[in-house]
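Per-entry structural report
Chain residues, written in single-letter form:
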Amino acid sequence: MRFNLTRLSTLSGLALYSVVFIGIIGFIKSAETPSIPGGIEVMESVFWDEMNECTTGLASGLATPDGRPLLWKNRDVGNRNQEFHYVDEGGIPFISITYMNEDNLQYYGGINAVGFALENSNSYNLPAYNGGNGWGYGDDDGEIHMLALSTCRTIDDFQAIMDSTNEVGRTLNCNYGAFDAFGGAAMFETAGNEYARVDAAEQEYGVIIRANYSYSGNGLNNRANYWGPNRHDRGLATWKEAVENNDLTPRYVYQQTIRNLAAEGMNNYELPYPDYYRGYPYGNIPNGEVICRSTTRAILVAQGVQEGERPDNSIMWVTGGNQIGSIVTPLWVRAGSVPREYDSPNGGRICNAAQKISDWVYEFGQGGNAVNTWKLHNPEGRGYWDWSLPMENYMFAKVQRFLDSDNFTYDRLEGFQNMLAREIADSIEAWRPFQHVTELAQPIFEDNSIVLYWDNVEEDLFGREVNPAGYNVYRSSSPFEENTRGELVGFARNNGFTDDSPLANGAFYRVEVVF
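Residues numbered from 1 in each chain as written. Predicted model: local features only at pLDDT ≥ 70, side-chain atom pairs only at ≥ 80, totals over all residues. Heavy atoms only, no water.

**Focus: the confidence of the model for the chain**
On average, residues of the chain carry a pLDDT of 86, and 85% of them reach 70 or more. Every residue in residues 1-50 is under pLDDT 50, and counting partners more than four places away or in other chains gives 100 contacts. (pLDDT = per-residue confidence, 0-100. Contact = heavy atoms within 4.5 Å.)

**Remarks on the packing of aromatic side chains**
Under the defined criterion, the tally for this structure stands at 25 aromatic pairs. Among the aromatic residues, those joined into a cluster by ring pairs are Phe116, Phe158, Tyr176, Phe188 and Tyr195. The cationic tip of arginine 75 hangs over the ring face of tyrosine 108; the distance from NZ or CZ to the ring centre is 4.2 Å. In this structure, arginine 432 is placed above the aromatic ring of phenylalanine 515, and the distance from its NZ or CZ to the ring centre is 5.5 Å. (Phe/Tyr/Trp six-rings, centres within 6.5 Å; stacked < 30°, edge-to-face > 60°. Lys NZ or Arg CZ within 6 Å of the ring centre and 35° of its normal.)

**Some points on the pattern of salt bridges**
Under the counting rule described, the total for this entry stands at 24 salt bridges. With a closest N to O distance of 2.8 Å, glutamate 189 and arginine 210 form a salt bridge. Of this pair, glutamate 189 sits in strand β10 (residues 185-190) while arginine 210 sits in strand β12 (residues 207-210), and the two are 21 residues apart along the sequence. For glutamate 189, a relative accessible area of 2% corresponds to the buried category. Exposure remark for arginine 210: the relative accessible area of 2% places this residue in the buried category. Arginine 349 is the partner of glutamate 429 in a salt bridge, and the nearest nitrogen-oxygen pair spans 2.7 Å. (Salt bridge = Lys/Arg side-chain N within 4 Å of Asp/Glu carboxyl O. Helix = DSSP H or I, 4+ residues; strand = E, 2+ residues; numbered from the N terminus. Buried < 20%, exposed > 50% of the residue type's maximum accessible area, 1.4 Å probe, protein only.)

**Details of the packing of helix α4 (residues 229-244) against helix α5 (residues 250-258)**
Packing of α4 against α5 brings their axes to within 10 Å, and their N-to-C directions diverge by 140°. As judged from the angle between their axes, α4 and α5 are oblique. The interaxial crossing formed by α4 with α5 has right-handed handedness. Of the residues in α5, those touching α4 at Gly235, Thr238, Trp239, Glu241 and Ala242 are Tyr252, Val253, Gln256 and Thr257. Residue composition of the contact of α4 with α5, by class: four nonpolar, four polar and one charged. (Axes fitted to C-alpha atoms, helices over the stretch in contact; angles between N-to-C directions. Parallel < 35°, antiparallel > 145°, perpendicular 65-115°, else oblique. Left-handed = near helix turned anticlockwise from the far one by under 90°. Nonpolar A, V, L, I, M, F, W, Y, C, P; charged D, E, K, R; others polar.)

**What to know about the packing of helix α6 (residues 349-361) against helix α8 (residues 413-430)**
Closest axis-to-axis distance for the α6/α8 pair is 9 Å, and the angle between their directions is 30°. The orientation of α6 with respect to α8, classified from their angle, is roughly parallel. Where α6 crosses over α8, the two elements pack in a sense that is left-handed. Within the contact between the two elements, α6 uses Arg349, Ile350, Ala353, Ala354 and Ile357 and α8 uses Ala421, Arg422, Ile424, Ala425, Asp426, Ile428 and Glu429. Across the contact of α6 with α8, the residue classes break down as eight nonpolar, no polar and four charged.

**Side note on the sheet that holds strand β4 (residues 70-76)**
Pairing is antiparallel in the open sheet, where six strands are placed in the order β12-β3-β4-β14-β15-β16. Lying at the two open borders of the sheet, with one neighbouring strand each, are β12 and β16 (329-331). Pairs of neighbouring strands in the sheet enclose a mean axial angle of 15°, with direction left out of account. Judged from the seven bridges that link them, β4 and strand β14 (residues 296-303) form a sheet pairing that is antiparallel. Within β14, the position partnered with lysine 73 by the bridge is leucine 300. Against the sheet, α4 engages β3 (55-59), β4 and β12, with an angle of about 160° to β12. In the packing of helix α7 (residues 384-404) onto the sheet, contacts are made with β15 (315-320) and β16, and the angle to β15 comes to roughly 155°. (Pairing = 2+ DSSP bridges.)

**Regarding the state of the cysteines**
Enumeration according to the criterion identifies zero disulfides in this entry. The thiol sulfur of cysteine 54 is not disulfide-bonded, and the nearest other cysteine sulfur, from cysteine 174, lies at 9.0 Å. Given a relative accessible area of 6%, cysteine 54 falls into the buried group. (Disulfide = S-S within 2.5 Å.)

**Brief notes about the side chain of asparagine 230**
Mapped onto the elements, asparagine 230 comes out in helix α4. Polar contacts involving the side chain of asparagine 230 include one to the main-chain carbonyl oxygen of glutamate 289, which spans 3.0 Å. (Polar contact = N/O pair within 3.5 Å; in protein donor to acceptor, adjacent residues only side chain to side chain.)

**Focus on α4**
In an α-helix there are 3.6 residues to a turn, and that puts residues three or four apart on one side. Counted at 1.5 Å a residue, the expected span for α4 with its 16 residues is 22 Å, and the 23 Å between its end C-alpha atoms agrees. Taken residue by residue, α4 has Pro229, Asn230, Arg231, His232, Arg234, Gly235, Leu236, Thr238, Trp239 and Ala242 as its buried positions. As for α4, its buried residues are in contact with β3, β4, β12 and α5. Remark: asparagine 246 follows α4 within two positions and exhibits a positive phi of approximately 55°. (Expected span 1.5 Å × (residues − 1).)

Following this line, the structure appears as structure tokens:
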């Protein structure tokens, strides 16, 4: 909540004030059963439109500045608890995304010790297979990842798996993207008993983007919203621009593609978004059909090697949790482990911390979740991305310095990746948003001054105990809007402030916590 002292009227030269509450963040608990925002139709639409709809991309080495292939996956699923595991079960060791505490050897995107990388997205316009297969009748993409990452060295090895599963049938239609350490990079559009191979080097710009449909499938002239046409088109546009500017790098993919908020009809947009989009609150962008969506739970960008380079140099750049709140760190298969910040019995610290940030940024309204862009970036530089993106740039630079160092050895990879993950987890957990005082302020009139009191803030907006450094007091002659601050009239170390020079015709006040 925030409070405003609102001018009511002026009588005999004396300005009268009252306190008005305006809710800005939080949940209201009620003994009554809550209604479904927008009704059951909206709930069902949001559920089906947002579940299991990953966005992916593949670039051959011809498309990148350093000649190294890239493989990207946004893992969009309902389960928030995602981890990265190091797996060595007798085959080729690998690291991959999976569910928290997964012990059934099902994985959903990763890279192995010989430089082979694999990921997938569901495809909804390919013919299905009605029977079962050797793994049963459930989705089989997790088992296919496990088999491929633990056995494949080349793209052709993976194609052999596709040939064999054509015979028994696959239960989940997918777009599988893969690259190897020998210059291969291809997308496999797989139906129940058939597939189409698309080589990245043969495509315009040397890149392939897929959402939740396949180019070899039906209905391309009338793409359904849940196929992700906007996600596909935005992703492809950003990658083409990057290739034209010789800038298709992991940093670019994370900061220009993965965090892209452009909704349908938005060719370009500013942050903060200075407008209304289709009836949503000012500055809010709905994200059910954008690349940067609330249901993204983990992300990987695998960076391979040039042909002839040792596979140990392959890196998997990852984020745990939603990309709104997370910050990238690197993982290496050669390290022989993943940091506990990504794999822990109670969930990865980075995933958990990032989800708290994302929950704060996303606001649920009629039609689904929307991003309050003023919480990401604002003119005062107080948004989360105002802090997190420079932190991420620092991380990328730190990794490059480490790799270029005369003291670099492969034996130091484990300690270095663990240190970075711990540093990023500590930093995200320590960040606090600016917040307004949440309790009633009573104005007291003394000798032509206005005295304000409020309760001390003991918790931040995430429910964590805090000890504020003090409070900034702002004043305005007109009502505060959602993202304006007014004139800074003073700083209070405790829970009171006296305005010795109040405005003659009354004013509005806002108190902001300083950490």
